Amino acid sequence: MGNINKTDMKSYIGKMITAKIDRQIGSKHPKHGFIYPINYGYIPNTISGDGEELDCYILGVFEPIESFTGKCIAIIHRLNDNDDKLVLVPKDKKYTNDEIRALTEFQERFFESIIIN
């Protein structure tokens, strides 16, 4: 897929996307030690701005999962880091930007960002 820029990122919004979960809800971050309050993963076969696969937050699923297919409702675009995050939810769920901020704050509080949807 190559490098993804902001315009390409917007093309994810509204689409059904499958993510691999590598940080399950309740697991501990290997370096920083915090506990993940939500499932967190990545989109296989993509490349994000940091050279790794494109990361994503999974909202609306409250048990540990290994993979997830859901609708992309937003992108958290970091202004002081080049590692944007997709926000995926079950296809019938909706979240406001304030709810997205509250649910991702455990990690996003360390960055300046805007939510694109």
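The present account deals with the structure reproduced in this document. Remember, predicted model here, so these are calculated numbers, not experimental data.

### Some thoughts on the overall build of the protein chain
Right, on to step 1. Each helix and strand counted, the protein chain has 2 helices and 6 strands in total.
Right, on to step 2. For the protein chain, the sequential pattern of α-helices and β-strands runs α-β-β-β-β-β-α-β.
Right, on to step 3. Against the compact-globule benchmark of 13 Å for 117 residues, the protein chain has a radius of gyration of 13 Å, which places it among compact chains.
Right, on to step 4. Projected onto the principal axes, the alpha-carbon positions of the protein chain cover approximately 35 × 30 × 30 Å.
Right, on to step 5. Relative to all contacts within the protein chain whose residues are 6 or more apart in sequence, the contacts with residues 24 or more apart total 59%.
Right, on to step 6. When the accessible surface of the protein chain is totalled, it reaches about 6,500 Å², and 50% of it is carbon and sulfur.
Right, on to step 7. Here the protein chain holds 15 positive side-chain charges and 17 negative ones, and the gap between their average locations is 3 Å.

### With respect to the pattern of salt bridges
Right, on to step 1. Evaluated as defined, the whole model comprises 4 salt bridges.
Right, on to step 2. As a salt-bridge pair, Arg-78 and Glu-108 come within 2.7 Å of each other at their nearest N and O atoms. With Arg-78 in strand S4 (residues 67-78) and Glu-108 in helix H2 (residues 97-108), the pair connects residues that are 30 residues apart, well separated along the chain. As far as the burial class goes, Arg-78 and Glu-108 line up, both buried.
Right, on to step 3. Close ionic contact of Asp-83 with Lys-85 constitutes a salt bridge, the shortest N to O distance being 2.8 Å. The same class applies to Asp-83 as to Lys-85, namely buried.

### What about the layout of surface pockets?
Right, on to step 1. Counted as a void, the largest pocket has a volume near 390 Å³.
Right, on to step 2. Forming the walls of the largest pocket are 19 residues, and the residues nearest its centre are Arg-23, His-29, Tyr-40, Asp-55 and Lys-85.
Right, on to step 3. Among the elements of the structure, strand S1 (16-23) and strand S2 (39-43) are those that each provide at least two residues to the lining of the largest pocket.
Right, on to step 4. Here the lining of the largest pocket is built from residues that sort into 7 nonpolar, 3 polar and 9 charged.

### Quick notes on the side chain of Gln-107
Right, on to step 1. When you line up the elements, Gln-107 lands in helix H2.
Right, on to step 2. Beyond its immediate sequence surroundings of up to four residues, Gln-107 is in contact with Phe-34, Tyr-36, Tyr-40, Tyr-57, Arg-78 and Lys-85.

### Points about the nonpolar core
Right, on to step 1. In terms of nonpolar packing, the biggest core is built from 17 residues, with Ile-43, Ile-58, Leu-86 and Leu-88 touching the most fellow members.
Right, on to step 2. At the level of secondary structure, the elements contributing two or more residues to this core comprise S1, strand S3 (54-58), S4 and strand S5 (85-89).
Right, on to step 3. Leave out the neighbours within four places in its chain, and Leu-86 touches Met-9, Tyr-12, Ile-17, Ile-43, Leu-54, Asp-55, Cys-56, Tyr-57, Cys-72, Ala-74 and Ile-75.

Rules and cut-offs
- Residues numbered from 1 in each chain as written.
- Predicted model: local features only at pLDDT ≥ 70, side-chain atom pairs only at ≥ 80, totals over all residues.
- Heavy atoms only, no water.
- Helix = DSSP H or I, 4+ residues; strand = E, 2+ residues; numbered from the N terminus.
- Rg over C-alpha atoms; globule rule 2.2 N^0.38 Å.
- Contact = heavy atoms within 4.5 Å.
- Areas by Shrake-Rupley, 256 points an atom, 1.4 Å probe, with all protein chains shown as cover.
- Lys, Arg positive; Asp, Glu negative; His and termini not counted.
- Charge placed at Lys NZ, Arg CZ, Asp CG, Glu CD.
- Salt bridge = Lys/Arg side-chain N within 4 Å of Asp/Glu carboxyl O.
- Buried < 20%, exposed > 50% of the residue type's maximum accessible area, 1.4 Å probe, protein only.
- 1 Å grid on protein atoms, 1.4 Å probe; cavity = no way out; pocket = protein on both sides within 12 Å on 5 of 7 lines; lining within 4 Å.
- Points joined across faces, edges and corners; volume = space filled by probe spheres on them.
- Nonpolar A, V, L, I, M, F, W, Y, C, P; charged D, E, K, R; others polar.
- Core = buried A, V, L, I, M, F, W, Y, C linked by side-chain atoms within 4.5 Å.

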